[in-house]
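Breakdown of the fold
Listed here are the chains, written in short residue letters.
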Amino acid sequence: MSGPNPRDELVNHLPALRAFALGLTRNSATADDLVQDAIVKAWTNIEKFQVGTNLRAWLFTILRNTYYSSLRKTRREVADVDGVFAESLSEKPAHDGRLAMADFRTAFNQLPDEQREALVLVGALGASYEEAAESCGVAVGTIKSRANRGRAKLAELMKLNEDEALELTDPATMAVVTSKPMTAR
């Protein structure tokens, strides 16, 4: 670059850039932000400026393009000051359910056949204890006992406490999904 450094001349054009930005945005704070963005872009791309051409026109073009780019961007954005819209977009990850189900299958397969059978009949199929006892050819008390021991063994194998609900998602993920802070355990 021969002649004056264009970076040194940027400051001379700030008042004109601010006036132009104010005319575009009709808001002084937004205009100041727009001028700052345009100056940053000009500064980082100063090697693209051709010395001997009109620096003010080049800066105005950058500012105008920055304004219209931000205008297009804001048209695609949704104003969500309270976070209500963003909260509705959160979703529990599907992999948590698959991982918990895999853990359940592993634990369930470790149960004795009689306990698995009782849990499938009473728990999964919704049969009454009487129907399950009749299907297995045992007393109702035996089915109740097998189902109870099966549930207890599953809880033990899956490391669940009696007062703990079986959540498919860990507390940290649930805090993000529900936008509520984690509670101390």
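Below you will find a few notes about this structure. (Residues numbered from 1 in each chain as written. Predicted model: local features only at pLDDT ≥ 70, side-chain atom pairs only at ≥ 80, totals over all residues. Heavy atoms only, no water.)

A contiguous patch of positive charge, built from Arg72, Lys73, Arg75 and Arg76, is present on the exposed surface. Mapped onto the elements, arginine 76 comes out in helix α4 (residues 55–76). (Patch = residues over 30% accessible without salt bridge, like charges linked within 9 Å, V, L, I, M, F, W, Y side chains within 5 Å. Areas by Shrake-Rupley, 256 points an atom, 1.4 Å probe, with all protein chains shown as cover. Salt bridge = Lys/Arg side-chain N within 4 Å of Asp/Glu carboxyl O. Lys, Arg positive; Asp, Glu negative; His and termini not counted. Charge placed at Lys NZ, Arg CZ, Asp CG, Glu CD. Helix = DSSP H or I, 4+ residues; strand = E, 2+ residues; numbered from the N terminus.)

What follows is about a nonpolar patch on the surface. A cluster of nonpolar side chains, namely Val78, Phe85 and Leu89, defines an oily patch on the protein surface of about 300 Å² accessible area. Note on placement: phenylalanine 85 falls in helix α5 (residues 84–89).

What follows is about the packing of helix α7 (residues 113–124) against helix α9 (residues 140–157). Relative orientation of the contacting elements α7 and α9 amounts to 100°, with a least axis distance of 8 Å. As summarised for this structure, α7 and α9 are arranged roughly perpendicular, according to the angle between their axes. Every residue of α9 that contacts α7 at Glu114, Gln115, Glu117, Ala118, Leu119 and Val122 is listed here: Ile143, Arg146, Ala147, Arg149, Gly150, Arg151, Lys153 and Leu154. Its residues assigned to classes, the contact of α7 with α9 comprises six nonpolar, two polar and six charged. (Axes fitted to C-alpha atoms, helices over the stretch in contact; angles between N-to-C directions. Parallel < 35°, antiparallel > 145°, perpendicular 65-115°, else oblique. Contact = heavy atoms within 4.5 Å. Nonpolar A, V, L, I, M, F, W, Y, C, P; charged D, E, K, R; others polar.)

Applying the stated criterion to the full structure yields three salt bridges. Notably, a salt bridge pairs arginine 116 with aspartate 113, separated by 2.6 Å at the nearest N-O pair. Taken together, the residues arginine 116 and aspartate 113, both in helix α7 and three residues apart, mark about one turn of the helix. Under the relative-accessibility criterion, arginine 116 is labelled partly exposed at 22%. A salt bridge links glutamate 156 to lysine 153; the nearest nitrogen and oxygen atoms lie 3.5 Å apart. Of the two residues, glutamate 156 and lysine 153 are both situated in helix α9; the distance of three residues between them amounts to about one turn of the helix. (Buried < 20%, exposed > 50% of the residue type's maximum accessible area, 1.4 Å probe, protein only.)

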